[in-house]
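# Analysis of the macromolecular model
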Amino acid sequence: MSETHAIRLRVNGEEVSRRVSPRQSLADFLRDDLGLTGTHLGCEHGVCGACTVRVDGGIMRSCLLLAVQLDGAEVETIEGLSESGAIADLQTAFHERNALQCGFCTAGMLITTAALLEANGAPSRAEIRDYLSGNYCRCTGYHAIVDAVEATARSRRQRQDR
Amino acid sequence: MSGPLSFLDRPAGYIGRSMPRANARRLLHGRGTFVDDIRLPRLAHAVFLRSPYAHARIVAIDTSDAARVDGVIRVVTAKDLAGLYTPWVGVLTHLKGMKSAPQHPLALDRARWQGEPVAAVVAEDRAVAEDALARIAVTWEELPAVTDMEGALAPGAAPIHPELGDNLAYQRSLDAGAVDAAFKAADLVIEDVFEFARHTGVCPETRAILADFNPGEGTLVVHHSSQVPHMMKEVILRHFSLAETQVRVICHDVGGSYGIKIHVYPDEMATIALGILLKRPVKFVADRLESFVSDIHAREHRVKGRIALDKFGEILAFEIDDLTGIGPFSTYPRSSAVEGNQVVNLMGAWYRAPNYRARLRVAFQTKPPTSQYRAVGHPIACAVTEGLVDQAARALAIDPAELRRRNLLADDAYPHTSPAGLIFEGLSHQRCLERMLEFARYDALRREQQDFRARGVHRGIGLACFIEITNPGPAFYGVGGAPISAQDGASLRLDPGGTVTCAVSVTEQGQGSETMVAQIAASVLGIPIERVRVVTGDTERTPYGGGTWASRGTGIAGEAVLQGAKALRANILVLAGAILQSAPATLDMSEGWVVDAVTGTQRMPLEEVSRAAYFRGDTLPPDVQPELLASRHYMPRDFPFAFTNGIQCCYVEVDTETGFVKLIKHWVVEDCGTVINPLLVEEQIRGGVVQGLGAALFEQCLYDAAGQLQNGTLADYLVPMAAEMPDIEIAHVTTRTSSSGLGAKGVGEAGTAGASAAVMNAINDALAPLGAKLTAQPFTPARVLRALGKV
C-alpha cells in the first residue's frame, strides 16, 4: 500500500496538491491530510449522510469517493461554505430553530438542504423530508430541521420579492 | 403576591424563554471537536479483532504475522494486558441476588458474544492496523450459542459462566394488595404477551476514546465521547490502580449518546491499557459495523401481562411476568438489571388500581450485553400497561380516552405511593389527558377516522399515558456500590470584565445543558446571557458530579447553578455595598448593573465591582475581602426520584395491502415542572418520540439461532429517517417540584417512554374491525400482514 498517486484539486477555493494512497477515501483525505474535520464519518458505507460534501457543485458522500478520483475536482466542505457565507442564512435558521443537537450530522444536513434550496425555492414539508431521506439524525426527530429549511426558503423568497 | 419576584418570574430573566444554544454555532460551522478530530503527536490507532462466534473457546491466537506488518506498533491479546488492570463485575449490591462474571478488556479463553474483542492491533495508521488485523490467526472451538431467553433458563441449560451455576442474572418478585382476589372478582380479565425487540442506540458519532499517557509525570488524560467524565475517571483509577491525581477525563463534543456512552466497554478499557503500555497516545474509534455488535443493546423483553376490570371499567389489578435477555455480562457499573427493574416499578403506576403482582427474570445469553438506553424500561412498562388498557376498552366498548379518565390517578390525590412503592409528589394525569383531547382534536379525529373507514381507509388513533423517572437520588446507583454521583456542583466566578464563568459537573451532548445553565445564572445575576461562559465535561475544570443521564441535568445541576448564582450574587452585593456605602439588602442586580433594589436606579456597573476587587484592592475598606467565586452543590433528598408525566397520541394509517404503517401525526402533552427553555424541552421531546417511533416500526437487532447478527449495517438495520417521520406537536402542563428552588424535573425520557405504545394502540385501533392485533415490536409490514392473515 506504499504506492501513491499525485492529485491536484481545489478545496474550498484553494489549490491543493498531494500524493495519496489509492485506497484513501475523500473523507479521510479531507480529515487526515487537510485537517478539515468538519466532515464527519458516521457509517463509512454511504448511508448516514454525515460526510456529505460538494464535488463540482453536486452533493456527494465523501466516504464513498476515493481521493485519487478527485484529481482536477472542485470540493467544498462545511468549513468553506461557512467561511464564504454561502449558507449563512440556512445556518442561522438552524441555530434559531435548534435544528441540531449533538451536531454530528449537521454539516451533512446543511450541505444537503442547501442543494435542495438551490433546486427548489419553495419545497413542501414532504419534499424537504424526501430530500433528507439519506441523512440520518438521531437527536432532533427531523421536525426542527424541516422547519429551519422551510423558514430559509420563505425568507429567501421574501427577499427576492422585495 | 407581595414581596420581590422570585428569580423564576423576573420579567427580564431568561427562565421560561426559548433561546438558541450559543455552543451550537461551532457545530454549524463544522468547528466542533469530537474525539476523532483530535490530533496529538505520536498518536497511534487501535483496532480490535472481535469474535466471529457467539460462543467459542479460544484455543490459540497467533499474532506473529500481524506483528510483522509495516507500521504496526504492537499486537496484543489478553495475556499481554494481564497485570495492567483489574477486571470488573457489573452488579449492584442493592439488587439482591444479582450475579455476573468478571469482565476483561480482551476475552481470556472464551468469547461469549459475536463482537467481543479478543485481540488488538496498534499501528501508526488505522488502515495499516486493519491490514494487520486480517493476519491474526485464531484457532476457535465453537460452543453452543445461547440466544433464546427461555432456553437460557431452562432446567439443565449449560451455564454461560460455569462458575455462576446457571444463566439467571437476577430475579425479583413483587406482590402488592390482593391480586388473586381482584382477578377472581373481575368482570373482565385480559391477558396478552408483548414482545420487544432488542435494539440499540446508533449514535451518529460512534464510540471513541483517546488515552494519552505521559510517563514523565505519570498522568493519563483520556479524551472520551462520554456523558460521565467523573464516573469514568473513578472507574479508570480503580481498575488501572492509578491515583486520583493522575487521571483526567475530558469530554469534548459528543455526537449523540442516549445512554450508550455511560457504560464501561472492554475495547475502551483495552485502549486505556494500550496507552499506558505503549506510553503514547492511543485512539480507538469504533466503526459502524463493530458498533452494532459492541455498543450496548437494550429492550429484549417478553412480557406476559394481565389486567382485571369490573364491568364499569374500573381497573382492579395488573400482573406481569417479564423475561429479559441481557447478553453474557451485566454491564459495568450500572448493571443490566435496571431495565427489568424499572419495568416492574413503572408498570401501571399511573392508574389507581392498588393490586399489582410482578415477576422479573433476567437471563444471560450469548449476544452483546444490554444496559441502560434512553427511557430505560419505560417504553416496555408503558406499552404493556397501555396495550392492556386499550384491549380492555375495546372489550368493554368504552372509548379508550374515557376508560383512562375513569382510572388515572386524580390530580388532587398527591402525594401518592404506587403499589410498587414509587412515591409521586405531584402529577397531572387528568389535566394532561383533557389537554390532549383538545390539543389533538380527539373527537374530530374519531369522526375523521369513521369517514375514512367508510371509504375503506384504515386509520387508527392511539393514546398512551406514561410517567417518567427523572432526577434520581443516591438510592439509584450509589447505594449499590457504583461510583456514580447523584449530586452535581456548580462554581460561578465573576471575571474582571463583568462576565461570569460557570463550571458545572453535568455534560453537554446537544440537549442544551450549557444553555440551561447560562439562562439560570444570567437570570439570578441580572446579566445579559452573552456574558455567561459555561464550562463542562472536564474532571479537572468542573466541580464533582454525576453528569448528564436519567434526565437529571436541569433538575439537579440546574438547581446547583441556581443556588451557586444566588451565593455569588450575595457576595457581589456585599462588596458593592461596601464600595457604595449602602446596605447590601438595598441593592439588586439588573442588566449588568448593581442597582437600587427599590427604584432600579443604576448605581455601578458590574465590571467596576470586579475590577475593584481584582485590580484596585487598595480602594476597598480594610475589612472587606472580596469573594467573587461561589460554589454550590445539590442532591435531591426529599424524594428518590422526581416523577414527571404526560400523554402521547399517535394517528396512523395502515395499508392493509402492503402492511405499511404511515405515521400521520403525533402529539405529546408533557409535564416536566418548570420549563427553563421551551425550545430545548420541545426538541428533547421530539427527538425522544422519534427514538420510540423507531423502536415501534423499524429497529431490531436480528439474530439467528447461532447468535449471528443478521442486519449489522446501517443499510440493513433500519433507523427512522426524515421521510417516514411525522410532524410532532407538543403542549405543556406545569407542576413544579417543591423539592428544589427551581422546581424543574427532567424531560429526556418522555418522548421515548410513550411513543411506541401510542403507535401500537393506533395500529390496533386501525385494525380492530378487521380482527387483527399486534403486540410484538417492531410492527413491520410483514407482521401487519401476518396479523391480517394475508401471509
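Per-chain numbering applies: the sequence of each chain, read as written, is numbered from 1 onward. All chains are assigned letters beginning at A, and all ligands numbers beginning at 1, according to the order in which they are written. Confidence filtering applies because this is a predicted model: local features only for residues at pLDDT of at least 70, side-chain atom pairs given and counted only at 80 or more, and all residues used for totals across whole chains, interfaces and linings.

### Notes on the overall build of chain A
Broken down by element type, chain A carries 6 helices and 5 strands. Going along the chain from the N terminus, every DSSP run of H or I of four or more residues is numbered as a helix, and every run of E of two or more is numbered as a strand. Starting at the N terminus, the α and β elements of chain A follow one another as β-β-α-β-β-β-α-α-α-α-α. Computed over its C-alpha atoms, the radius of gyration of chain A comes to 16 Å, within 12% of the 15 Å expected for a compact globule of 162 residues. The dimensions of chain A, computed from C-alpha atoms along their principal axes, are 55 × 35 × 20 Å. Any residue pair is listed as a contact if its two C-beta atoms, each placed from the backbone, are within 7 Å. In chain A, of all internal contacts separated by at least 6 residues, the share reaching a separation of at least 24 is 60%. C-alpha atoms define the radius of gyration in this analysis, and the globule rule sets the expected value at 2.2 Å times the number of residues to the power 0.38.

### Describing the interface of chain A and chain B
On the chain B side, the residues contacting the 39 residues of chain A number 44 residues. Sorting elements by how many residues they give to the side of chain A that touches chain B places helix α3 (residues 88-96) of chain A first, with 4 residues. Following the grouping adopted for this structure description, the nonpolar residues are Ala, Val, Leu, Ile, Met, Phe, Trp, Tyr, Cys and Pro, the charged ones are Asp, Glu, Lys and Arg, and the polar ones are all others, Gly among them. The class makeup of the residues in the side of chain A that touches chain B is 16 nonpolar, 16 polar and 7 charged.

### Some thoughts on the sheet that holds strand β22 (residues 500-504) of chain B
All names here are of chain B. One bridge is not enough; two strands pair if DSSP finds at least two bridges between them. Strand order in this open sheet of 4 strands is β23-β22-β21-β27, and the pairing throughout is mixed. Of all the strands in the sheet, the pair left with one neighbour each is β23 (532-535) and β27 (629-634). When strand polarity is set aside, the average angle formed by the axes of neighbouring strands in this sheet is 15 degrees. In the sheet, strand β21 (residues 488-494) pairs with β22 via 5 bridges, with the strands oriented antiparallel. The partner of L494 across the bridge, within β22, is V500. Of the strands in this sheet, β21, β22 and β23 touch helix α15 (residues 513-525), which is tilted by about 140 degrees from β23. Working convention: axes come from line fits to C-alpha atoms, limited for helices to the stretch in contact. Angles between N-to-C directions cover 0 to 180 degrees.

### Things to note about the domain arrangement of chain A
All names here are of chain A. What fixes the domain bounds is an automatic or database domain assignment. Segmenting chain A into domains produces domain 1 (5-81) and domain 2 (87-161). Put simply, the middle of domain 1 and the middle of domain 2, counted by C-alpha atoms, are 22 Å apart. Those elements that provide at least two residues to the side of domain 1 that touches domain 2 are β3 (52-55) and α2 (78-84). In terms of residue count, the dominant contributor to the side of domain 1 that touches domain 2 is β3 (3 residues).

### Concerning unusual backbone geometry
Residue and element names in this part refer to chain B. The residue after Y414, namely P415, is reached through a cis peptide bond having omega 0 degrees. With respect to the helices and strands, P415 occurs in the loop between α12 (400-407) and β18 (416-417). Phi at E591 is positive, roughly 50 degrees, even though this residue is not glycine. Structurally, E591 is set in the loop between β24 (587-590) and β25 (593-596). Owing to 13 C-beta atoms within 10 Å, E591 belongs among the partly exposed residues under this scheme. Note on burial: count the other C-beta atoms lying within 10 Å of the residue's C-beta; 20 or more is buried, 12 or fewer is exposed, in between is partly exposed, and C-beta positions come from the backbone.

### Description of the nonpolar core
All names here are of chain B. When buried Ala, Val, Leu, Ile, Met, Phe, Trp, Tyr and Cys residues are joined through C-beta atoms within 7 Å, the set is termed a nonpolar core. By size, the foremost hydrophobic cluster in this structure holds 304 residues, and its most contacted members are A120, V121, C502, A521, V561 and V759. Take this core: its biggest share by element is 12 residues, from helix α16 (residues 553-580). Contacts of A521, omitting those with residues within four sequence positions, involve L492, V500, C502, V532, V561 and A565.

### Examining the packing of α16(B) against helix α17 (residues 606-614) of chain B
All names here are of chain B. Across the interface, α16 lies against α17 with an axial gap of 10 Å and an inter-helix angle of 80 degrees. One way to sum up the angle between α16 and α17 is to call them roughly perpendicular. In contact with I572, L575, A576 and I579 of α16, α17 contributes V609, A612 and A613. Classifying every residue of the contact of α16 with α17 gives 7 nonpolar, no polar and no charged. What sets the label is the angle itself: under 35 degrees gives roughly parallel, over 145 gives roughly antiparallel, 65 to 115 gives roughly perpendicular, and the rest give oblique.

### Topic: the pairing of strand β2 (residues 14-20) of chain A
Residues and elements named next belong to chain A. Strand direction decides the pairing type here: strand β1 (residues 5-11) and β2, joined by 7 bridges, are antiparallel. Note on β2: the bridge partner recorded for V11 is E14. Here β1 folds back onto β2 in antiparallel fashion, the turn holding 2 residues, of which N12 has a positive phi close to 50 degrees.

### A few points about the domain arrangement of chain B
Residues and elements named next belong to chain B. For chain B, the assigned domains read domain 1 (24-32 + 487-634), domain 2 (35-143 + 203-294) and domain 3 (377-471 + 640-787). Distance from the C-alpha centre of domain 2 to the C-alpha centre of domain 3: 38 Å. Domain 2 puts 8 residues into the contact, and the matching count from domain 3 is 9 residues.

### Here's the deal with the pairing of strand β1 (residues 44-50) of chain B
Residue and element names in this part refer to chain B. For β1, a buried count of 7 out of 7 residues is recorded, marking the element as mostly surrounded by other parts of the structure. Taking every second residue as pointing to the same face, both faces of β1 are buried, with A44, A46, F48 and R50 on one and H45, V47 and L49 on the other. Across 2 bridges, β1 lies against strand β13 (residues 282-285) in parallel orientation. When the sheet's bridge partners are listed, A44 is paired in β13 with V282. Alignment of β1 against strand β5 (residues 117-123), held across 6 bridges, turns out to be antiparallel. Note on β5: the bridge partner recorded for L49 is A119.

### Here we look at helix α10 (residues 338-346) of chain B
By the criterion of burial, α10(B) is predominantly enclosed, with 7 of the 9 residues buried. At the exit of α10(B) stands G348(B), carrying a positive phi of roughly 65 degrees.

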